[in-house]
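Here is what each chain is made of, one letter per residue.
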Amino acid sequence: VPKQPEKMKAAMEEKLSRGEDVINNKTPDPDIPADQRLVLMSCCATKNKAMGMGPAMDVYTGVFFQTFKNKVKEGAMPNVRILSAKYGFIKPDQRIGIYDQVMDKATADKFMVDDKLVEGFPSNIKDVLIVGSDQYQRVMKAAIEDLIKEGKIDKGASINVTKGGIGEQRAQLGKYLASLPSTEG
């Protein structure tokens, strides 16, 4: 019989390794409505310091946020969760202040073992796009695995991740957003 600390260590290691196989690179069905899509974005160092407090989508001003604001179409707004190195997953309209914290391995590990990691996520998701660097992706992939287990992401959902340098990832995000069907006439 394993000792209690060994069991705890094994459970911790299992939590930290989950999500490694969730990316399936399936091409999303172009007819999936925006409200059944989920974009997971990492926070960024560039913030609107003049704003002080405000909605996360307005506080963050990095290239992915610029691309998102410029490319998302009226009537084609997907569900979005931003992974903040300070707050964890937040909604775009959640009010946040200016902060300076990075997603290093220790911070990512802390989020990955949090039982409330995916609290408040939408359900009936059939398409997911991950936008962010390695440590953010680790946490996002673990969250996706949890959301699939909870039934909030369809088992057959397309799950993709942007790749390459920041310019390539920005272009991939823009192309994805431009492809979403709009409910507007």
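For clarity, every value in this text was computed on a predicted model and none was experimentally measured.

## Comments concerning the nonpolar core
Now for step 1: Within the largest apolar cluster, 51 residues are counted, with the highest numbers of intra-cluster contacts made by Leu40, Tyr60, Phe89, Ile144 and Ile153.
Now for step 2: Tallying contributions element by element places helix α5 (residues 134-149) first for this core, with eight residues.
Now for step 3: Aside from chain neighbours lying at most four places away, what touches Tyr60 is Cys43, Cys44, Thr46, Lys47, Phe65, Lys69, Ile82, Ser84, Ile90, Ile96 and Tyr99.

## Description of the packing of aromatic side chains
Now for step 1: Applying the stated criterion across every chain yields a total of four aromatic pairs.
Now for step 2: Arranged with centres 5.5 Å apart and planes meeting at 85°, the rings of Tyr87 and Tyr99 form a pair that is edge-to-face. Residue Tyr87 is located in the loop between β3 (79-84) and β4 (88-90), and its partner Tyr99 is located in the loop between β5 (95-96) and α4 (105-112); the two are separated by 12 residues in the primary sequence.
Now for step 3: What makes Tyr99 buried here is its relative accessible area of 8%.
Now for step 4: Ring geometry for Phe89 against Phe121: centres 5.1 Å apart, planes inclined by 80°, an arrangement best described as edge-to-face. With a gap of 32 residues between them, Phe89 in strand β4 and Phe121 in the loop between α4 and β6 (125-131) connect regions that are remote in the sequence.

## Some details on the pattern of salt bridges
Now for step 1: A complete count under the given rule lists four salt bridges for this structure.
Now for step 2: Among the salt bridges present, the one from Asp109 reaches Arg138, with a minimum N-O distance of 2.7 Å. Of this pair, Asp109 sits in helix α4 while Arg138 sits in helix α5, placing them 29 residues apart in sequence.
Now for step 3: The class for Arg138 is partly exposed, based on a relative accessible area of 23%.
Now for step 4: Note that Lys149 and Glu145 form a salt bridge whose closest N and O atoms lie 3.3 Å from each other. One end of the pair is Lys149 and the other is Glu145, both in helix α5 and four residues apart, which spans about a single turn.
Now for step 5: Among the residues examined, Lys149 registers a relative accessible area of 62% and is labelled exposed.

## Brief notes about the sheet that holds β6
Now for step 1: Strand order in the open sheet formed by five strands is β4-β3-β1-β6-β7, with mixed pairing between adjacent strands. Where the open sheet ends on each side, the last strands, each with one partner, are β4 and β7 (153-161). Pairwise comparison of adjacent strand axes, ignoring direction, gives a mean angle of 25° for this sheet.
Now for step 2: Pairing analysis gives five bridges linking β6 to β7, with the strands arranged parallel. Its bridge partner being in β7, Ile125 is matched across the sheet by Ile153.
Now for step 3: Sitting on the sheet, helix α6 (residues 166-179) is in contact with β1 (37-42), β6 and β7, with an inclination near 155° to β6.

Parameters and conventions
Residues numbered from 1 in each chain as written. Predicted model: local features only at pLDDT ≥ 70, side-chain atom pairs only at ≥ 80, totals over all residues. Heavy atoms only, no water. Core = buried A, V, L, I, M, F, W, Y, C linked by side-chain atoms within 4.5 Å. Buried < 20%, exposed > 50% of the residue type's maximum accessible area, 1.4 Å probe, protein only. Helix = DSSP H or I, 4+ residues; strand = E, 2+ residues; numbered from the N terminus. Contact = heavy atoms within 4.5 Å. Phe/Tyr/Trp six-rings, centres within 6.5 Å; stacked < 30°, edge-to-face > 60°. Salt bridge = Lys/Arg side-chain N within 4 Å of Asp/Glu carboxyl O. Pairing = 2+ DSSP bridges. Axes fitted to C-alpha atoms, helices over the stretch in contact; angles between N-to-C directions.

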